[in-house]
2 protein chains.
Amino acid sequence: MVQTEERSIAIVAMGGHAFMLRGEKGTIEQHQRNAAEISQVIMHLVDRDYNLVITHGNGPQVGNLLLMTELTNDQVPPMPLDVLVAQTEGSLGFILQQALLNQCAKVKIDKRVVTVVSQVVVSRSDPAFSRPTKPIGPFLTKEEAEKRKEELGWVIKEDSNRGWRRVVPSPQPEEVVQRKIIYDSVRAGHIVIACGGGGVPVIKRQDGTFDGIEAVIDKDLTSSVLGTQIKADILIILTEVPCVYLNYGKKDERPLGAVTVTEMEKYLAEGHFAEGSMLPKVRAILNFLERGGKRGLITNPEKLSEALEGHAGTHFVGGY
Amino acid sequence: MVQTEERSIAIVAMGGHAFMLRGEKGTIEQHQRNAAEISQVIMHLVDRDYNLVITHGNGPQVGNLLLMTELTNDQVPPMPLDVLVAQTEGSLGFILQQALLNQCAKVKIDKRVVTVVSQVVVSRSDPAFSRPTKPIGPFLTKEEAEKRKEELGWVIKEDSNRGWRRVVPSPQPEEVVQRKIIYDSVRAGHIVIACGGGGVPVIKRQDGTFDGIEAVIDKDLTSSVLGTQIKADILIILTEVPCVYLNYGKKDERPLGAVTVTEMEKYLAEGHFAEGSMLPKVRAILNFLERGGKRGLITNPEKLSEALEGHAGTHFVGGY
């Protein structure tokens, strides 16, 4: 077996939908079943002797918390978005770490798993703060939304004729506060779950103190920053499609196998990838490779094993 | 300065009321202000070169989550109690770690702080499971409570004429699943927040897999177990009174300064300490000392500094 010190570090990013499939209401049984399935998939990486950091989204889960908050804010003091993100780091971290430990026990692999509640620094001067775009929480009537705007200072927006929603900024992640501890734990061979929901967004003041801020950070971009900070070898983004496509959904759709950074930057400039969907994933991997990462992979859980053999997925290879 | 390797480890347990004072509704501002205050208190231990693990309760916070769950369970799938505990490990961990980092920045101490989402093993054969006693969540009418009993299998109980409540088991903690990672992080000099709310209760099956279970674990008893597992030198329990008293609240009330294990066991047998109040704290420290811990201290945040000088608090000294 390869020694711990020599093992490659893989950082694996998965969506909040890995735990709560589209159409599911998000019961605990659904979360547990999905977490068990994704844990089996993660074992492909454990089998290949990678040291692992796992990040995950929390969109549908924080959506449920926002709905609960909205329905009960006359009786329970509402917690701000940064605290709700921290809540999902706790709950999804627990569900996933337990599923991973159980999978390890089943296949008799001795691994420890830890969830680190992660703060991620964003800049107060990020342009995202003057132009909030990310819709969150339940749909409201125009009247309800206007009331929140007045009372709580929300920015609101009509969302595809389904109603009004709060929109929040989605700033760029700059650094993960707990990076050193994550680095030490993953080097020690533990599976580390970190930066759930993209991490809890915080502002760092001149004097070095932090302040939570109501925003959401794209989990793929955070994974890229964390991957760079912990010197990961490969950034793997698990999504809902088996690979990246050119002309996605069109007649001349073409899957991408292995691509260089230069090729991918060209496709990016040509507008092949959708904002809020494949675009941040491609950007995340390009950023990672530009800052010292060796490899990137985009695929879905079903294809991960094949992809690790080079027979599926979109592989980003170094070299310009 | 003392080298990291030689530093003593202190494990400090505080109540959920450290973040949400009695009478407070639990707004984020209240949580942040209280966390900032307790962080200043914690600095007394950092100043004295202790390596620190901090555990905390979550009673009032999980109470708020249970109330939200109760009010919205027709619209959002209710999460079980173990997941709610994990949520508070995330939210309170974030609030406390940020307050601690901010306090360190203010006094220019370079410390890292990490919150570890902690699973704590309890035994399925613990007698607590056949006799649930711990009331949780909102007060209900008898009809509401009976309905939950029928639909969800709750055990319910009338609570001091204020209404009906759900009662859950409060089993003994046996081991902290993430103990190795907590041990490594605290030895490395990081402040570790762990076992929030007493930890997420889990059952360990024959095959080594875990299963979450609806129960609450006393956070002082968990702290005792964790303290033993990470070979802490001192277990400090911060509570609402400056020290332990004999004949508490009576005319002949007497504060205890330094006591031996033998003395304390005598007082315990004489029934001086109240169940659900001082009793588990005294038991927690006695267990810790019996299993290799060196010292124990019970005091309140206001008196901690004096107590560390030996001028306040109740000190448990080794030796029978």
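Rules and cut-offs
Residues numbered from 1 in each chain as written. Chains lettered and ligands numbered in written order. Predicted model: local features only at pLDDT ≥ 70, side-chain atom pairs only at ≥ 80, totals over all residues. Heavy atoms only, no water. Helix = DSSP H or I, 4+ residues; strand = E, 2+ residues; numbered from the N terminus. Rg over C-alpha atoms; globule rule 2.2 N^0.38 Å. Buried < 20%, exposed > 50% of the residue type's maximum accessible area, 1.4 Å probe, protein only. Contact = heavy atoms within 4.5 Å. Areas by Shrake-Rupley, 256 points an atom, 1.4 Å probe, with all protein chains shown as cover. Axes fitted to C-alpha atoms, helices over the stretch in contact; angles between N-to-C directions. Parallel < 35°, antiparallel > 145°, perpendicular 65-115°, else oblique. Left-handed = near helix turned anticlockwise from the far one by under 90°. Nonpolar A, V, L, I, M, F, W, Y, C, P; charged D, E, K, R; others polar. Phe/Tyr/Trp six-rings, centres within 6.5 Å; stacked < 30°, edge-to-face > 60°. Lys NZ or Arg CZ within 6 Å of the ring centre and 35° of its normal. Least-squares fit on C-alpha atoms with pLDDT ≥ 70 in both. Pairing = 2+ DSSP bridges.

Peer 1: Would you take a moment to explain the overall build of chain A for this structure?
Peer 2: Along chain A, the regular secondary structure elements total nine helices and 17 strands. Computed over its C-alpha atoms, the radius of gyration of chain A comes to 20 Å, within 12% of the 20 Å expected for a compact globule of 320 residues. The 320 residues of chain A split such that 60% are buried. Long-range pairs, those at least 24 residues apart, make up 73% of the contacts in chain A with a sequence separation of at least 6. Surface exposure of chain A reaches about 13600 Å², of which carbon and sulfur atoms provide 48%.

Peer 1: Would you explain unusual backbone geometry in this entry?
Peer 2: Residues apart from glycine generally show negative phi values, whereas peptide bonds are mostly found in trans. Residue and element names in this part refer to chain A. For Asp49, which is not glycine, the phi dihedral falls at a positive 65°. Here the phi dihedral of Cys195 falls at roughly 55°; this positive angle occurs in a residue that is not glycine. Mapped onto the elements, Cys195 comes out in the loop between strand 9 (191-194) and strand 10 (200-204). Note on Cys195: relative accessible area 1%, which makes it buried.

Peer 1: I would appreciate a short explanation of the packing of helix 1 (residues 28-47) of chain A against helix 3 (residues 81-106) of chain A in the present structure.
Peer 2: How two helices sit against one another is set out by the angle between their axes and by the gap between those axes. Residue and element names in this part refer to chain A. Remark: helix 1 packs on helix 3, axes separated minimally by 8 Å, with the N-to-C direction vectors making an angle of 50°. Classed by the angle they form, the pair helix 1 and helix 3 counts as oblique. With respect to the hand of their crossing, helix 1 and helix 3 are arranged in right-handed fashion. On helix 3, the residues touching Ile28, His31, Gln32, Ala35, Ala36, Ile38, Ser39, Gln40, Ile42 and Met43 of helix 1 are Leu92, Ile95, Leu96, Ala99, Leu100, Gln103 and Cys104. Class assignment of the residues belonging to the contact of helix 1 with helix 3 gives a composition of 12 nonpolar, five polar and no charged.

Peer 1: Whenever I open this one, the environment of B:Leu246 confuses me. Can you help?
Peer 2: Within the element layout of this structure, B:Leu246 appears in strand 13 (residues 245-246). Once the C-alpha coordinates of B:Leu246 and B:Ile234 are considered, the two residues, 12 residues apart in sequence, prove to be 23 Å apart.

Peer 1: What is the right way to look at the packing of aromatic side chains in this model?
Peer 2: Each aromatic ring pair is described using two quantities: the centre-to-centre distance and the angle formed by the ring planes. What the rule picks out here adds up to two aromatic pairs over all chains. Plain terms: the ring middles of A:Tyr245 and A:Tyr248 are 5.5 Å apart, the flat faces sit at 35° to each other, and that makes the pair tilted. Relative accessible area serves as the criterion here: at 51%, A:Tyr248 is assigned to the exposed category. Here B:Arg124 stacks its cationic end above the ring of B:Phe129, 5.1 Å away from the centre of that ring. Positioned above the aromatic ring of B:Phe139, the side-chain terminus of B:Arg165 is 4.7 Å from the ring centre.

Peer 1: What am I meant to see in the relation of the copies chain B and chain A here?
Peer 2: Each copy of the chain is related to the other by a rotation around an axis and a translation along that axis. Relative to chain A, chain B is turned by 180° and slid 0.0 Å along the rotation axis, the superposed coordinates differing by an RMSD of 0.0 Å. Each copy turns onto its partner about a two-fold axis. A share of 100% of interface residues in chain B that are also interface residues in chain A marks the association as one of identical surfaces.

Peer 1: Sorry, what's going on with the sheet that holds strand 11 (residues 210-212) of chain B here?
Peer 2: Each strand in a sheet pairs with another by means of backbone hydrogen bonds, the pair being arranged parallel or else antiparallel. Taken in spatial order, the four strands line up as 8-4-10-11 (chain B) in an open sheet, and their pairing is mixed. The open sheet has two edge strands, strand 8 (175-176) and strand 11 of chain B, and neither has a second partner. As judged from the four bridges shared by strand 4 (residues 119-122) of chain B and strand 10 (residues 200-204) of chain B, these two strands associate in the parallel manner. In the strand pairing of strand 10 of chain B, B:Val122 is matched with B:Ile203. Strands in contact with helix 3 of chain A are strand 4, strand 10 and strand 11 of chain B; relative to strand 11 of chain B, the strand with the most contacts, it is inclined by about 155°.

Peer 1: I keep staring at the pairing of strand 12 (residues 234-238) of chain A and nothing clicks. Help me out?
Peer 2: On any regular strand, side chains alternate: one points to one face of the sheet, the next to the other face. Residues and elements named next belong to chain A. Among the five residues of strand 12, five are classified as buried, and the element is accordingly described as predominantly covered. On strand 12, burial covers both faces: Ile234, Ile236 and Leu238 on one face and Leu235 and Ile237 on the other are all buried. Pairing of strand 1 (residues 9-14) with strand 12 involves five bridges; the strand directions are parallel. The residue of strand 12 that forms the bridge with Val12 is Ile236. Where strand 12 meets strand 16 (residues 295-299), five bridges bridge the pair, whose relative direction is parallel.

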